[in-house]
Structure formats: C-alpha cells, structure tokens
Amino acid sequence: MKIPNDVFYFKAEGEGNRCDFCSMTVAAGDPGKDYLCEPFSIPGPISVTMDGEWWACAPCAELIDADNWYALAQRAAQQVAPEFRDRCLVQVRALHQEFAKHRRKAQ
C-alpha cells in the first residue's frame, strides 16, 4: 500500500510511555494523564477511527486541561521536519478538534 504524501506518522523511539498527542516518549513512571474519549472517525486518504483511552504526557496534559489546543498542535508539529509542519498542523488540529468534541470530562 502506498502512503499518501499528505499523511504524517510520528515515530516514537525508546522505552516508556508514548504521548497520544505529541508522540514524545517519556520514561516509564513519569507523570502523565489518561483521558477518556467517545469513538470518532476522521475521513481522509486513510480513514482513522479513534476511541477509548488516550494518554498525555505532563506538558500535553497541562495544555489539554487549559484548552490550549493551539499550543498543543504546535507541540505535536515539532516532531516533524520544519518543511512539513504546516501540513502536519492541519491534520493535528483536526485530530485535536475531534478529540475535544468527543472527550468525556470527569463528572
């Protein structure tokens, strides 16, 4: 299968937990936060269905809890080469927007 040029994949290296928002890998035992989310799909060249539990590293969790989606997307985009960041930001913002709409907040 040929991967479309406008689809980005984040590569996590090392051991530990990988943040579902920025794809950074942190050492096992480092603080982070779980978020529950209703299932949702993102149409596109490769349709993506997301559901269940998402894990955020501590810096991303702070941004999520503050509803700072712009800074969260910028953080995620730092994981790709500078020449691809604008295209990446479009995808990351769409993903974060859907997450925000479908997130189950604590009661």
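Each remark here, short or long, concerns the structure printed above.
What you see is a predicted model; the values in this text were computed from it and never measured.

K.L.:
Teacher, can you tell me more about the packing of helix H1 (residues 58–65) against helix H2 (residues 69–77) here?
P.N.:
A pair of packed helices is captured by two measures, namely the crossing angle of their axes and the spacing between those axes. Between H1 and H2, whose axes approach to 8 Å, the crossing angle comes to 155°. Comparing their axes, H2 and H1 come out roughly antiparallel. Here H1 and H2 pass one another in a crossing that is left-handed. Along its contact with H1, which presents Pro 59, Cys 60, Leu 63 and Ile 64, the element H2 presents Trp 69, Ala 71, Leu 72 and Arg 75. A per-class count over the contact of H1 with H2 returns seven nonpolar, no polar and one charged.

K.L.:
So what exactly am I meant to see when it comes to the environment of Ile 64 here?
P.N.:
Looking at the element boundaries, Ile 64 is found in helix H1. Separated by 29 residues in the primary sequence, Ile 64 and Tyr 35 have C-alpha atoms spaced 9.7 Å apart.

K.L.:
Is there a simple way to think about the pattern of salt bridges in this case?
P.N.:
When their charged atoms lie close together, side chains carrying opposite charge are able to pair. On inspection of all chains with the given rule, the structure shows four salt bridges. Across the pair Asp 65 and Lys 33 runs a salt bridge, and its minimum N-O distance is 2.8 Å. A residue pair is termed long-range when its members are at least 10 positions apart, and Asp 65 in helix H1 and Lys 33 in strand S3 (residues 32–42) qualify at 32 residues. Residue class for Asp 65 comes out partly exposed when judged on its relative accessible area of 40%. Asp 65 serves as the salt-bridge partner of Arg 103, at 3.8 Å between the closest nitrogen and oxygen.

K.L.:
Which parts of the structure should I look at to understand the packing of H2 against helix H3 (residues 85–102)?
P.N.:
Running from N to C, H2 and H3 point in directions that differ by 135°, and their axes come no closer than 9 Å. When the axes of H2 and H3 are compared, the pair comes out oblique. Both H2 and H3 take part in a crossing whose hand is right-handed. Within the contact between the two elements, H2 uses Trp 69, Tyr 70, Leu 72, Ala 73, Gln 74, Ala 76 and Ala 77 and H3 uses Arg 85, Cys 88, Leu 89, Val 92, Arg 93, His 96, Phe 99 and Ala 100.

K.L.:
Teacher, can you tell me more about unusual backbone geometry here?
P.N.:
Excluding glycine, residues mostly carry a negative phi; peptide bonds, for their part, are mostly trans. Look at Ser 23: it is not a glycine, yet its phi comes out positive at around 70°. Inspection of the secondary structure puts Ser 23 in the loop between strand S1 (17–18) and strand S2 (25–26). Residue class for Ser 23 comes out buried when judged on its relative accessible area of 7%. Residue Asp 67 is not a glycine yet carries a positive backbone phi of 55°.

K.L.:
What is the right way to look at the side chain of His 96 in this model?
P.N.:
As for its placement among the helices and strands, His 96 is situated in helix H3. Beyond its immediate stretch of four places on either side in the chain, His 96 contacts Phe 21, Trp 69, Leu 72 and Ala 73.

K.L.:
Can you walk me through the packing of aromatic side chains in this structure?
P.N.:
Two numbers describe a pair of aromatic rings. These are the distance of the centres and the angle of the planes. Applying the stated criterion to the full structure yields seven aromatic pairs. When the ring of Trp 54 is compared with that of Phe 99, the centres are 4.7 Å apart and the planes differ by 40°; the resulting orientation is tilted. Taken together, the residues Trp 54 in strand S4 (residues 48–57) and Phe 99 in helix H3 connect sequence positions 45 residues apart. Given the relative accessible area of 3%, Trp 54 is considered buried.

Conventions and cut-offs
As a convention, each chain's residues are numbered from 1 in the sequence order in which they are written. Reporting in this predicted model follows two pLDDT cut-offs: at least 70 for local features of residues, and 80 or more for side-chain atom pairs to be given and counted; totals over whole chains, interfaces and linings ignore these cut-offs and use all residues. As a convention, hydrogens and water are excluded, and side-chain values are obtained from all of the structure's heavy atoms. Between N-to-C directions, angles cover 0 to 180 degrees, with each direction set by a line fitted to C-alpha atoms, over the stretch in contact for helices. Secondary structure elements are defined from DSSP: runs of H or I of at least 4 residues count as helices, runs of E of at least 2 residues count as strands, and each element is numbered from the N terminus. Here is the rule for angles: anything less than 35 degrees is roughly parallel, anything more than 145 is roughly antiparallel, 65 through 115 is roughly perpendicular, and the remaining ranges are oblique. Two helices crossing with the near one rotated counterclockwise from the far one by less than a right angle form a left-handed crossing, whereas a clockwise rotation gives a right-handed crossing. We call two residues in contact when some of their heavy atoms are within 4.5 Å. Residue polarity follows a fixed list, in which Ala, Val, Leu, Ile, Met, Phe, Trp, Tyr, Cys and Pro are nonpolar, Asp, Glu, Lys and Arg are charged, and the others, Gly among them, are polar. Here, a salt bridge means any side-chain nitrogen of Lys or Arg that lies within 4 Å of a carboxyl oxygen of Asp or Glu. Throughout, exposure labels follow a simple rule: accessible area from a 1.4 Å probe, protein chains only, divided by the maximum for the residue type, with under 20% read as buried, over 50% as exposed, and the rest as partly exposed. Here the aromatic set is Phe, Tyr and Trp, taking the six-membered ring for Trp, and pairing holds for ring centres within 6.5 Å; pairs whose planes are under 30 degrees apart are stacked, those over 60 apart are edge-to-face, and all others are tilted.

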